Structures are given as structure tokens and as C-alpha cells.
Amino acid sequence: QVQLAESGGGLVQAGDSLTLSCAASGRTFTWGAMGWFRQAPGKQREFVAAISSANPYYADSVKDRSTISRDAVRNTVTLVMNHLKPDDTAVYYCTADPNIYFAVKGNGTYWGQGTQVTVSS
């Protein structure tokens, strides 16, 4: 099996930056695509960003202020979010899938337990 472990969440102030990391473990893991979704209270899960071996993908709400990167050697994906807003408050979930299409659509095979991001005003 593959396990995803998120880290980097916490309480920050509006305008601050935050770095979220997700590490994949398991002998069966092979790199395909990894990314992030988030879910705020009372709202549906929404796509944030993802990256394959070729290209990064961003939601419009974060594209101009976020950067996603990958480290294939350590099986890790990192999302740096700048100029955080209260609307960014949510539980952020890491996802992984062999295909970027399913990762972006929220149908990834593997999911982490989530890390809480709270942005105060």
C-alpha cells in the first residue's frame, strides 16, 4: 500500500506564506501525479494544485500566488502558498494517482489524512 503524510499546516495571518509538504511512502509507490485538494467547513472539496512529471496545474484561485514542486527521489510534493487569505482556511489533503487527469479531478487513488490551515484576518 501507499501512504501519504501531510505536514506544514497551522495558524497564520492574512498575507503570510505557508509551505505544505506531502510525502509518499510504501514499497509499491511509483511516481505519477501528486497534488492538493482542500475542503472548508460547509463546502465541497476543491482542487488546489497538482504536478505530474511534466507540468504543474493550479486552480484559478491560487495560480498567481502559489508554486507546486516535486522531489521524485524523496517522493515528496511541496506547495508554497503566498498572500494567504481567510478564504484559504480549510483542511488540505494530499492526493496521488498514476494519471494526472484523475489527480486533478479528485479521483486520486491515494489520499492523506489532511492538515489544517487556518488564516486569520
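Note: the structure precedes this text.
Remember, it's a predicted structure, so these values are computed and weren't measured experimentally.

Some details on the nonpolar core
Formed by 30 residues in total, the largest nonpolar core has its most connected members in Leu-4, Met-34, Trp-36, Ile-68, Val-77, Leu-79 and Tyr-92. Within the residue set of this core, elements represented by two or more residues are β3 (18-25), β4 (33-39), β5 (46-52), β8 (76-81), β9 (90-97) and β11 (115-120). Look past the residues within four positions of Tyr-92 in its chain and what remains in contact with it is Glu-6, Leu-20, Trp-36, Phe-37, Arg-38, Val-48, Met-81, Gly-114, Thr-115 and Val-117.

Digging into the pattern of salt bridges
One pass over the full model with this rule turns up 4 salt bridges. A salt bridge links Glu-46 to Arg-38, with the nearest nitrogen and oxygen atoms 2.7 Å apart. A relative accessible area of 6% places Arg-38 in the buried class.

A short note on the state of the cysteines
By the definition in use, this model includes 1 disulfide. Covalently, Cys-22 is tied to Cys-94 through a disulfide, its sulfur atoms 2.0 Å apart. With the S-S bond torsion at -85°, the cross-link from Cys-22 to Cys-94 turns out left-handed. Placement of the pair is Cys-22 in strand β3 and Cys-94 in strand β9, with a sequence separation of 72 residues.

Re unusual backbone geometry
Phi at Asn-75 takes a positive value of approximately 55°, unusual for a residue other than glycine. Its location among the elements puts Asn-75 in the loop between β7 (66-71) and β8. The class for Asn-75 is partly exposed, based on a relative accessible area of 22%. Phi is positive for His-83, which is not a glycine, with a value near 50°. Looking at where His-83 falls in the secondary structure, it is placed in the loop between β8 and β9.

Overview of the sheet that holds strand β1 (residues 3-7)
Reading across the sheet, the 4 strands line up as β1-β3-β8-β7 and stay open at both edges, with antiparallel pairing between neighbours. Here the strands that pair on one side only, and so sit at the sheet edges, are β1 and β7. Within the sheet, the average angular offset between the axes of one strand and its neighbour, ignoring direction, is 15°. Looking at chain direction, β1 and β3 are connected through 5 bridges and run antiparallel. Paired with Gln-3 across the bridge in β3 is Ser-25.

Analysis parameters
Residues numbered from 1 in each chain as written. Predicted model: local features only at pLDDT ≥ 70, side-chain atom pairs only at ≥ 80, totals over all residues. Heavy atoms only, no water. Core = buried A, V, L, I, M, F, W, Y, C linked by side-chain atoms within 4.5 Å. Buried < 20%, exposed > 50% of the residue type's maximum accessible area, 1.4 Å probe, protein only. Helix = DSSP H or I, 4+ residues; strand = E, 2+ residues; numbered from the N terminus. Contact = heavy atoms within 4.5 Å. Salt bridge = Lys/Arg side-chain N within 4 Å of Asp/Glu carboxyl O. Disulfide = S-S within 2.5 Å. Pairing = 2+ DSSP bridges. Axes fitted to C-alpha atoms, helices over the stretch in contact; angles between N-to-C directions.

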